[in-house]
Amino acid sequence: MNKSDSSVSAAEVVVAGHICLDVIPAMHGGKPGQAIGELLVPGKLVDIGAAQLSTGGAVPNTGIALHRLGFPVKLMGKVGDDLFGEAILSILKGYGEGLTDGMIVGAGESSSYTIVINPPGVDRIFLHCTGANDTFSADDVPQAALAGARLFHFGYPPLMRRMYEDGGAELERTLSAAKSCGLTVSLDLARPDPESLAGQTDWQAILKRSLPHVDVFLPSFEEILYMLRPSRYREFSERHGTTELLAYADGPLLSSLAEELLGMGAAVVALKLGEHGLYVRTTSSPERLREMGLCAPAAGKLESWQGKEMLAPCYRVEVAGTTGAGDCTIAGFLAGMLKGLSAEETLLAAVGTGAFNVERADAVSGVPGWDGLQSRIAAGWPQRETGLSLPGWSRESADGIWSPDVGK
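Within any chain, residue numbers begin from 1 and follow the written order of that chain's sequence. The model is predicted, so local features are restricted to residues of pLDDT at least 70 and side-chain atom pairs to those at 80 or more, both for listing and for counting; the totals for chains, interfaces and linings are taken over all residues. Processing note: side-chain calculations cover all non-hydrogen atoms of the structure and skip hydrogens and water entirely.

Now for the pairing of strand 9 (residues 184–188). Of all five residues in strand 9, five are buried; the element is thus mostly enclosed. Type-normalised accessible area, obtained with a 1.4 Å probe on protein chains alone, sets the label of each residue: buried when under 20%, exposed when over 50%, and partly exposed for intermediate values. In this text, helices come from DSSP runs of H or I with a minimum length of four residues, and strands from runs of E with a minimum of two, each type numbered from the N-terminal end. Burial along strand 9 is two-sided: Thr184, Ser186 and Asp188 facing one way and Val185 and Leu187 facing the other are all buried. The pairing of strand 8 (residues 151–155) with strand 9 spans five bridges and is parallel. In the sheet register, Phe154 faces strand 9, and the bridge partner there is Leu187. Whether two strands pair comes down to DSSP finding at least two bridges between them. Relative to strand 10 (residues 216–217), strand 9 runs parallel, the two being bridged by two bridges.

What follows is the structure, given as structure tokens:
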């Protein structure tokens, strides 16, 4: 059953892509420094507590964050007609009755889920089933489902098999269909398991055919480094003994990656940097900015978006959890575009939404309404230092945004 037809009420934003059910059992065992293999021994009965159930993925995280910010949103993820699918739909309805109207239910399919094993003092392990996400196709987003919308956001294609098979043909078809309807199109990624089929896919080739249909591209630094500079990614990982590489981003590398992505066709590139903030670079072409669809910068704001390179540090908060922080940062960025803000104002709305998110342990409950976000920013919310190497950059005292010194 596909509920995404002309009977579904129009929304300002359509958020499509990956969705799953997170099953998080409360675990009591574990000692600091203990390997997970010492706890999960074959044949051993491990006493655990009640399981927490929550939705995960780009669709619920970015979509519900936009909903909480005050935008009419249509969620278009795919679930199976099973108990996990029922749980996902029930959780979504808890945020708003109409939020399930655009969901796709695949007959005879299994819903995606993740079992999060997180003992105290032990590194987490994730057991993930991609489920119905693997069969999501452009046909699941009919033109009628986009009627009345201004923006189409698609998230996590590396976790959706149809989206990266055949050189990304289905991803290109999905994005180009939304673009042909005049919508502003945005795209987010996920970092695949290097040993998986998705991890061994030629993502550079997929991006080359997809980004001409994308106006706003919002991957993380680590995701895009893995996809565009695999040898550099491996070098960093081996040198530093970790795949958590955010601390090793610097100005020249960020600029180089963004320049390549703009050359592939995107108008705006935003690279998520975790606790170090958000980097943005935009096209210098006013024509490409005007072609960004229904959320293109208005004439009076066009100059603020043209040929910009900026980085906004995160706001200072007491961190309770980082689940969904990147997705909520994206929601803030898209919200700024929907509101017609300048590039600088949009960048601050993005890191502000991400900061609200991490003040709560879950993915979306900390996100306020739009007025609450803007009030806290306007009140002089202090920012962190970036912690990154930015040679030739300086911080604008008026708005807390860093930018290159060239041309000032």
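Still more to cover.
Attention shifts here to the sheet that holds strand 3 (residues 48–56). Strand order in this open sheet of four strands is 3-2-6-7, and the pairing throughout is mixed. Of all strands in the sheet, those bounded by a partner on one side alone are strand 3 and strand 7 (125–129). In this sheet, adjacent strand axes meet at a mean angle of 20° when their direction is disregarded. With seven bridges connecting them, strand 2 (residues 20–27) and strand 3 associate as antiparallel partners. Along strand 3, the bridge assignment pairs Pro25 with Ala51. Orientation is described by axes fitted as lines to C-alpha atoms, over the contacting stretch for helices, and by angles from 0 to 180 degrees between their N-to-C directions.

As a further point, take the side chain of Thr283. Relative to the helices and strands, Thr283 resides in the loop between strand 12 (278–282) and helix 10 (286–290). Its relative accessible area of 12% is what places Thr283 among the buried residues. Pairing of N or O atoms within 3.5 Å defines a polar contact, subject to two protein rules: one partner must be a possible hydrogen donor and the other a possible acceptor, and residues neighboring in sequence count only if both atoms are side-chain atoms. Among the polar contacts listed, one links the side chain of Thr283 to the backbone nitrogen of Ser285, at a separation of 3.0 Å. Whether two residues touch is decided by their heavy atoms; if any such pair falls within 4.5 Å, the residues are in contact. Other than its neighbours up to four places away in sequence, Thr283 contacts Leu262, Ala267, Arg288, Leu289, Trp305, Gln306 and Gly307.

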